[in-house]
Amino acid sequence: MEEPLHRIRALYTDLTITVYQAYSPAIGLPAVQDGRFPEAWSRTRMTWIKPSFLWMMYRSGWGTKAGQETVLAVEITREGFEWALRHSCLSSYVAGLHADRGTWQRQLKGAVARVQWDPERDLHLRSLPYRSLQLGLRGAAARRYADEWTVSIKDVTPLAHEVRELVRGRDLESTARLLPVERPYPAGDDLLAHLRG
């Protein structure tokens, strides 16, 4: 079955969805230890969450880039995730979807969440012809993410490194078995209609 151009693919349960982020050990390790983001984690800056494990591997260089050495799997409530989608705006202007550029700019400025659709990645971190969601949170959305929506935080850096080594060794079958099982997320058109660029 052909993949649609825009789709949320994620590891999820009836109540939660797992998203990925990468931080320096100074932020990531206390977050894992306490199961909450520490006070040092800025609740006033934009933070980007990614439901795609392989996109996070691409972004963080398998957890080796400076400041991204600790890869986190953050389980959050689906209720919170969907609230963010409902209160989000595409991070780029799309003619036909937005009334005009000025209207989009006003919506973007007032939105507490932003959506980007970036190329999904394969095991070699090469671009695929379809896109996966990145969700940027700021203001009330960032605070709710950190202090209300988070259910658990796990350190998946060892998994990132193991997968990278298996890919380097060309053991793609073993690698595929280790990956989180990401399925199409059941986000209805009411959640995504204003977010497909």
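Only a predicted model underlies this, so the values are computations on that prediction, with no experimental measurement involved.

Criteria and thresholds
- Residues numbered from 1 in each chain as written.
- Predicted model: local features only at pLDDT ≥ 70, side-chain atom pairs only at ≥ 80, totals over all residues.
- Heavy atoms only, no water.
- Helix = DSSP H or I, 4+ residues; strand = E, 2+ residues; numbered from the N terminus.
- Rg over C-alpha atoms; globule rule 2.2 N^0.38 Å.
- Buried < 20%, exposed > 50% of the residue type's maximum accessible area, 1.4 Å probe, protein only.
- Contact = heavy atoms within 4.5 Å.
- Areas by Shrake-Rupley, 256 points an atom, 1.4 Å probe, with all protein chains shown as cover.
- Lys, Arg positive; Asp, Glu negative; His and termini not counted.
- Charge placed at Lys NZ, Arg CZ, Asp CG, Glu CD.
- Pairing = 2+ DSSP bridges.
- Axes fitted to C-alpha atoms, helices over the stretch in contact; angles between N-to-C directions.
- Arc of directions from axis to C-beta.
- Salt bridge = Lys/Arg side-chain N within 4 Å of Asp/Glu carboxyl O.
- Phe/Tyr/Trp six-rings, centres within 6.5 Å; stacked < 30°, edge-to-face > 60°.

Engineer: Honestly, the overall build of the protein chain in this entry has me stumped. Any pointers?
Structural biologist: Secondary structure summary: the protein chain contains 8 helices and 9 strands in total. Taking 197 residues into account, the globule formula puts the C-alpha radius of gyration at 16 Å, and the protein chain, at 17 Å, falls close to it. Along the first, second and third principal axes, the C-alpha atoms of the protein chain reach 50 × 45 × 35 Å. The buried share of the protein chain, reckoned over its 197 residues, is 51%. Long-range pairs, those at least 24 residues apart, make up 76% of the contacts in the protein chain with a sequence separation of at least 6. Surface summary for the protein chain: the accessible area is close to 9,900 Å², and the carbon and sulfur share equals 50%. Considering the protein chain, the positive charge centre built from 27 side chains and the negative charge centre built from 23 side chains are found 7 Å apart.

Engineer: It is not clear to me how the sheet that holds strand β7 (residues 127–137) should be interpreted in this structure. Could you clarify?
Structural biologist: Strand pairs in the sheet, formed through backbone hydrogen bonds, run parallel or antiparallel to each other. Strand order in the open sheet formed by 4 strands is β3-β7-β6-β5, and the pairing between neighbours is mixed. On the outer flanks of this sheet lie β3 (47–49) and β5 (88–90), each paired with one strand and no other. Each strand of the sheet is rotated relative to its neighbour by a mean of 40 degrees, with strand direction disregarded. Those strands touched by helix α3 (residues 78–86) are β5, β6 (113–121) and β7, and its axis lies near 95 degrees from that of β7. Most of the contacts of helix α4 (residues 101–110) go to β5, to which it runs at about 140 degrees, and overall it touches β5 and β6.

Engineer: Explanation requested: helix α5 (residues 140–149) in the structure shown.
Structural biologist: The α-helix winds at 3.6 residues per turn, so residues separated by three or four positions along the chain end up facing the same way. All of the buried residues along α5 are Ala141, Ala142, Tyr145, Ala146 and Trp149. Taken around the axis of α5, the buried residues stretch over an arc of 135 degrees, which confines them to a single face. Buried residues along α5 sit in contact with β2 (16–23), β3, β4 (70–77), α3, β7 and β8 (150–155).

Engineer: Would you explain the pairing of β2 in this entry?
Structural biologist: Side-chain direction in a regular strand flips from residue to residue, so the side chains alternate between the two faces of the sheet. Among the 8 residues that make up β2, 8 are buried, leaving the element largely enclosed by the rest of the structure. Burial of β2 is two-sided: the residues Thr16, Thr18, Tyr20 and Ala22 facing one way and the residues Ile17, Val19, Gln21 and Tyr23 facing the other way are all buried. Strand direction decides the pairing type here: β2 and β4, joined by 8 bridges, are antiparallel. Bridge pairing in β4 places glutamine 21 opposite leucine 72.

Engineer: Honestly, the pattern of salt bridges in this entry has me stumped. Any pointers?
Structural biologist: This model, assessed by the stated rule, comprises 8 salt bridges. Of the charged contacts in the structure, one is a salt bridge between glutamate 3 and arginine 7, with a shortest N-O distance of 3.2 Å. The class of glutamate 3 is partly exposed, set by a relative accessible area of 29%. One salt bridge in this structure joins glutamate 3 and arginine 9, with 3.0 Å as the shortest N-O distance.

Engineer: What's the story with the packing of aromatic side chains in this structure? I'm lost.
Structural biologist: Aromatic ring pairs: the centre-centre distance and the angle between the two ring planes describe each pair. In the structure shown here, the tally under the stated rule is 10 aromatic pairs. Consider the rings of tryptophan 55 and tyrosine 58, whose centres lie 5.5 Å apart with planes at 70 degrees: the pair is edge-to-face. Here tryptophan 55 pairs with tyrosine 58, and both are found in helix α2 (residues 53–60), just 3 residues apart, close to one helical turn. In this structure tyrosine 58 comes out as partly exposed when scored by relative accessible area, which is 34%. Consider the rings of tyrosine 93 and tryptophan 104, whose centres lie 6.2 Å apart with planes at 55 degrees: the pair is tilted.

Engineer: Help me out: how do you make sense of the sheet that holds β2 in this one?
Structural biologist: Spatial strand order, β2-β4-β8: 3 strands in an open sheet with antiparallel pairing. Every interior strand has two partners, whereas the edge strands, β2 and β8, have only one. Along the sheet, successive strands turn relative to each other by an average axial angle of 25 degrees, direction set aside. The strands that α3 touches are β2 and β4; relative to β4, the one it contacts most, it runs at about 90 degrees.

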